Each structure stands twice: as structure tokens, then as C-alpha cells.
Amino acid sequence: MPTDVRREIEQAQAGDQATLGRLLESYQNYLRLLARIEIGRRLQGKVDASDIVQETFLEAHRQFPHFQGTAEAQLTKWLRTILAGTVANVVRRYVGTQARNLTLERELAVGLDQSTCALEQMLVDRHSSPSHQAMRGEQSLQVAEAMSRLPEDYQTVLVLRHLEGLSFPQVAERMGKTVDSVEKLWLRGLTRLKKEFGEVTH
């Protein structure tokens with residue numbers, strides 16, 4: 001993630017396409033993780049999250065001249081809104097309807113916001129200081145980056161447990177494993193995620 005996102009946004013808004021490309025690219029792992037969660041909830045793995053992210057980036061490039069924000073939080077929310085629209089289009093394709101569904105888009109936007117909150121809370125100690133907790137909003141992208149470095153099984157168990165909120169028996173059923181093996185996998189995955197997060201943030 002760029003250290004000075006506001007400056008990067010200004011450069012992109014001034015027409016610097018290379019900066020816009022780098023800026024959007026820095027959100028790739030974050031958007032892919034959110035797309036993966038929504039695919040799991042709604043499409044049961046019928047679509048590749050990377051394809052949804054590519055469609056989201058194309059739309060973001062197209063719409064960027066209309067983006068009026070100046071801060072990272074505004075850009076993040078704007079990209080989530082575009083992602084929600086992209087996922088809604090994919091859902092429509094699979095259910096065979098043509099009309100745009102604003103209710104579905106709003107539901108997806110709320111779901112993506114909730115997933116982001118869950119992502120921000122994954123590695124935060126409940127007893128951490130207020131200043132540390134205030135930084136959570138800045139950490140969701142770093143958590144997504146750390147998640148992207150994990151083996152597939154670790155990513156899956158952490159997404160199902162922490163971001164989809166499933167119980168261990170439900171995770172075991174989804175992954176086709178025993179509850180005991182899933183609990184051990186979750187513990188190893190969480191330990192590895194903390195290590196990768198430390199490397200991402202230092």
C-alpha cells in the first residue's frame with residue numbers, strides 16, 4: 001500500500017494513469033479476499049475471485065474521473081461499492097435475470113462492509129490500547145496482504161471461521177475434513193497469519 005495515498009489519489013485524479021494503475025493494484029489482495037467471501041456465500045465457488053477483481057478494476061478505471069474523494073477511506077469504500085456492483089452482475093448472470101437489482105447491490109455492499117470490519121478485527125487484541133484500536137481501519141489491507149501469502153488450506157479455514165463466521169463443525173463440513181483436523185489447521189493458519197502480518201507491517 002502506498003505510504004501517501006492522498007498524494008497518489010491526487011496524481012491519479014490529475015490524469016497519471018501509471019499512478020492510478022499502481023493505486024488500484026495495491027487493493028488487489030483486499031478486493032480478491034472480499035470477492036472470495038461473497039462467492040462462497042452466494043455462488044459456491046462457481047466463479048473465480050480474480051476474474052471479479054479484474055472486472056472491478058476495469059470499471060474503476062472507467063469511473064475514476066467521477067471519483068471525488070481525497071482520502072484512503074473514501075477510495076476503499078468507493079472500490080467496495082464497485083465490487084458490490086460487479087458481484088451483483090455475476091449473481092444475475094448465474095440466476096438468469098437481466099434487470100439490475102439495487103436491493104442485491106445494497107445487500108452486497110453491507111456484506112462487504114461487514115467483511116471488512118471482521119478483517120480489521122482478526123488480529124486485534126480486545127485489550128489493545130484505544131490508539132491501537134483506532135488503527136484497525138488502516139490494517140484491513142495489510143491483513144488481506146498477509147492472508148494472500150498463506151497456503152490455500154490456511155486461507156480457506158480462516159475465511160470460513162473468521163470472515164464467514166462458521167462454527168468448526170460447519171467449517172469441517174464445508175472443507176470435507178474432520179472437526180479435529182480443522183481445529184488444528186485453523187491454529188496453524190492463525191499462527192502463520194500473525195507471522196506474515198508482522199512482516200507486512202514492518
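Residues numbered from 1 in each chain as written. Predicted model: local features only at pLDDT ≥ 70, side-chain atom pairs only at ≥ 80, totals over all residues. Heavy atoms only, no water.

S.K.: When you look at the overall build of the chain in this model, what are you seeing that I'm missing?
M.R.: Looking only at helices and strands, the chain features 11 helices and zero strands. Shown N-terminal to C-terminal, the secondary structure of the chain runs as helices and strands in the order α-α-α-α-α-α-α-α-α-α-α. Scaling as 2.2 N^0.38, a compact globule of 202 residues should have a C-alpha radius of gyration of about 17 Å, and the chain matches this with 17 Å. Projected onto its principal axes, the C-alpha positions of the chain cover 55 × 45 × 25 Å. Restricting the contact set of the chain to residue pairs at least 6 apart, pairs at least 24 apart contribute 65%. Split by element, the accessible area of the chain, about 10900 Å² in all, is 49% carbon and sulfur. For the chain, the distance from the average site of its 26 positive side-chain charges to the average site of its 26 negative ones is 3 Å. (Helix = DSSP H or I, 4+ residues; strand = E, 2+ residues; numbered from the N terminus. Rg over C-alpha atoms; globule rule 2.2 N^0.38 Å. Contact = heavy atoms within 4.5 Å. Areas by Shrake-Rupley, 256 points an atom, 1.4 Å probe, with all protein chains shown as cover. Lys, Arg positive; Asp, Glu negative; His and termini not counted. Charge placed at Lys NZ, Arg CZ, Asp CG, Glu CD.)

S.K.: Explain the environment of Thr 116 to me, please; I cannot follow it from the model alone.
M.R.: Of note, Thr 116 is situated in helix H6 (residues 102-121). Among the residues examined, Thr 116 registers a relative accessible area of 3% and is labelled buried. Through-space distance from the C-alpha of Thr 116 to that of Leu 33 is 9.7 Å; in sequence the pair is 83 residues apart. Here Thr 116 is in contact with Tyr 30, Leu 34, Arg 80 and Ser 140, once residues within four sequence places are set aside. At 2.7 Å, the side chain of Thr 116 forms a polar contact with the side chain of Tyr 30. (Buried < 20%, exposed > 50% of the residue type's maximum accessible area, 1.4 Å probe, protein only. Polar contact = N/O pair within 3.5 Å; in protein donor to acceptor, adjacent residues only side chain to side chain.)

S.K.: Help me understand helix H4 (residues 49-63), please; the structure alone is not making it clear to me.
M.R.: An α-helix turns once per 3.6 residues; consequently, residues spaced three or four apart project the same way. For H4, built from 15 residues, the straight-helix expectation of 21 Å at 1.5 Å per residue is met to within 8% by its first-to-last C-alpha distance of 21 Å. Regarding H4, the residues found buried are Ala 49, Ile 52, Val 53, Thr 56, Phe 57 and Ala 60. In an axial view of H4, the angular spread of the buried residues amounts to 140 degrees, which keeps them on one side of the axis. In this structure, H4 carries Leu 58 and Arg 62 as exposed residues pointing more than 90 degrees from its buried face. If you follow the buried residues of H4, they end up packed against helix H2 (17-25), helix H3 (28-42) and helix H5 (72-95). (Expected span 1.5 Å × (residues − 1). Arc of directions from axis to C-beta.)

S.K.: Looking at this model, I keep getting lost on the environment of Ala 60. Mind explaining?
M.R.: By the secondary structure assignment, Ala 60 is in helix H4. Classification of Ala 60 as buried rests on a relative accessible area of 0%. Along the sequence, Ala 60 and Ala 146 sit 86 residues apart, while their C-alpha atoms lie 24 Å from each other. Dropping the residues within four chain positions of it, Ala 60 is found in contact with Leu 24, Trp 78, Leu 79 and Ile 82.

S.K.: Got a minute to help me understand the pattern of salt bridges in this structure?
M.R.: Side chains carrying opposite charge are able to pair once their charged atoms draw close together. Following the criterion strictly, the structure yields 14 salt bridges and no others. Two residues, Arg 36 and Glu 152, come together in a salt bridge whose shortest N-O distance is 3.1 Å. Note that Arg 36 is positioned in helix H3 and Glu 152 in helix H9 (residues 152-163), a separation of 116 residues in sequence. Here Asp 113 and Lys 77 are joined by a salt bridge, their closest N and O atoms 3.8 Å apart. Placement of Asp 113 in helix H6 and of Lys 77 in helix H5 is noted, with a sequence separation of 36 residues between them. With relative accessibility at 26%, the residue Asp 113 sits in the partly exposed group. Here Lys 77 falls in the partly exposed class, since its relative accessible area comes to 47%. One continuous salt-bridge network, built from bridges that share partners, spans Glu 145, Arg 149, Arg 192, Lys 195, Glu 196 and Glu 199. (Salt bridge = Lys/Arg side-chain N within 4 Å of Asp/Glu carboxyl O.)

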